[in-house]
Amino acid sequence: ATASTQSKTPYCMVNAAGQGLLAKAPYTTRLGVTMAQIADPLAKWAAKSGVKTVYNVLANYQPGIDGGKAFSDTFTAAGGKMVGEVLVPVNNTEFSAYIQRVKDAKPDAVFVFVGAGIPAVAFFKAFHQAGLDKMGIRILASGDALEEDALPQMGDEPNGVISSLNYSAVHDSKFNPDFVCAFHAADASKALEPNFFAVAAYDCLSAIDKAVAAQKGTLDPDKTMATWSGLKFDSPRGPIEIDAQTHDITQNMYMRKVTKQGAKYQDVEFSTTPMVKADGS
């Protein structure tokens, strides 16, 4: 974002989930997701679903800290109680000591954001090895922990886990089946699944296409940003809108449950919180 500002180059942010990143970046727009968008609907669902106490396990950088605050604020406002929090190193893969803290606190559930991929796989393994599932402690996950490429590496461990995110490969929308088919057709390795990163990148290309079309091929950075300000279109994830002032994204957020469909687990959506702003409101 700093380089974008200095060079006046329009930039689409597809993966950084921290709050406030666009405040001093006038040539940047977010097509990904914020942690407040993820955590707020999840905390509300937990409070309505009988979860009384929660322990946070968070990666120790801005998205983790943002997500923990958003979850805690919303959950306590809804009558829940936070019974502890631990910050773990970014890309950490050894969770036994942190899991022991959760075990000692005996919460109803743990809210986890440790980053997608290997750290999430390691967290689920440690959670089950320590027997927290047998104690009745539930996992409430930031949905990136259950992204489509990681699920096959987890065996049965995430079965039934509840999460919140802006996309699932099995999302039921007008455009998603075509997007999934095109994604698979473009992947020569046949090893990847479309995930929340992929749909954000696809939507970034859509936004660029709209800016190029509006300017008939002669690009000006300020005109591009003007095109993106207030931009609305239908994505494979559902409707999205770019705020005209902040250039941040408003989008549906989906509650999902890991469910076996055929031979593999999927993030199956069961409820929608429509058009959540970047601050979670």
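Thresholds, definitions, all that
Numbering of residues starts from 1 in each chain and follows the order in which that chain's sequence is written. Given that this is a predicted model, residues contribute local features only at a pLDDT of at least 70 and side-chain atom pairs are listed and counted only at 80 or more, while totals for whole chains, interfaces and linings are drawn from all residues. Calculated side-chain values reflect all of the structure's heavy atoms, with hydrogen atoms and water omitted. Secondary structure is summarised from DSSP: a helix means a run of H or I of at least four residues, a strand means a run of E of at least two, and numbering begins at the N terminus for each. Note that the radius of gyration is over C-alpha atoms, with the globule rule given as 2.2 Å times the number of residues to the power 0.38. Buried, partly exposed and exposed residues are distinguished by accessible area as a fraction of the type maximum, computed with a 1.4 Å probe on protein chains only: under 20%, between the cut-offs, and over 50%, respectively. When checking whether two residues touch, look at their non-hydrogen atoms; a contact exists if any pair is within 4.5 Å. Using a 1.4 Å probe, the Shrake-Rupley method yields the accessible areas, and only the shown protein chains count as cover for residues. We treat Lys and Arg as the positive residues and Asp and Glu as the negative residues; His and chain ends play no part in the count. A charge is said to be at NZ when it belongs to Lys, at CZ for Arg, at CG for Asp and at CD for Glu. Pairing of aromatic rings covers Phe, Tyr and Trp, the last counted by its six-membered ring, and requires centre-to-centre distances within 6.5 Å; plane angles under 30 degrees mean stacked, over 60 mean edge-to-face, and any other angle means tilted. For this analysis, a salt bridge means a side-chain nitrogen from Lys or Arg found within 4 Å of a carboxyl oxygen belonging to Asp or Glu.

Colleague: Provide a residue-level description of the overall build of the chain, including the pertinent values.
Modeller: Of the regular secondary structure elements, the chain holds eight helices and eleven strands. By the compact-globule yardstick of 19 Å for 281 residues, the chain fits well, its C-alpha radius of gyration being 19 Å. Overall, the chain is about 60 × 40 × 30 Å in size when its C-alpha atoms are taken along their principal axes. Residues counted as buried form 50% of the 281 residues belonging to the chain. Considering only contacts in the chain between residues 6 or more positions apart, those separated by 24 or more positions represent 64%. Counting every atom, the chain has about 12,600 Å² of accessible surface; 54% of that belongs to carbon and sulfur. Here the chain holds 26 positive side-chain charges and 29 negative ones, and the gap between their average locations is 4 Å.

Colleague: Residue-level account of the packing of aromatic side chains, with values.
Modeller: Note on aromatic pairs: each is described by the distance of the centres and the angle between the planes. For the structure on display, the rule yields twelve aromatic pairs. Pairwise contacts between aromatic rings join Phe95, Tyr98, Phe123, Phe124 and Phe127 into one cluster.

Colleague: Report on unusual backbone geometry, specifying residues and quantitative values.
Modeller: Leaving glycine aside, a negative phi is the common case for residues, and trans is the common case for peptide bonds. Phi is positive for Lys8, close to 55 degrees, though the residue is something other than glycine. If you check the backbone angles, Met275 has positive phi at about 45 degrees while not being a glycine. The class of Met275 is partly exposed, set by a relative accessible area of 29%.

Colleague: Explain the pattern of salt bridges to me, using residue names and the numbers behind them.
Modeller: Pairs may arise between side chains of opposite charge once their charged atoms sit close together. For the coordinates displayed, the defined rule picks out six salt bridges. Among the salt bridges present, the one from Asp203 reaches Arg237, with a minimum N-O distance of 2.9 Å. Of this pair, Asp203 sits in helix H7 (residues 196-214) while Arg237 sits in the loop between strand S8 (232-235) and strand S9 (238-242), placing them 34 residues apart in sequence. Both residues of the pair, Asp203 and Arg237, count as buried.

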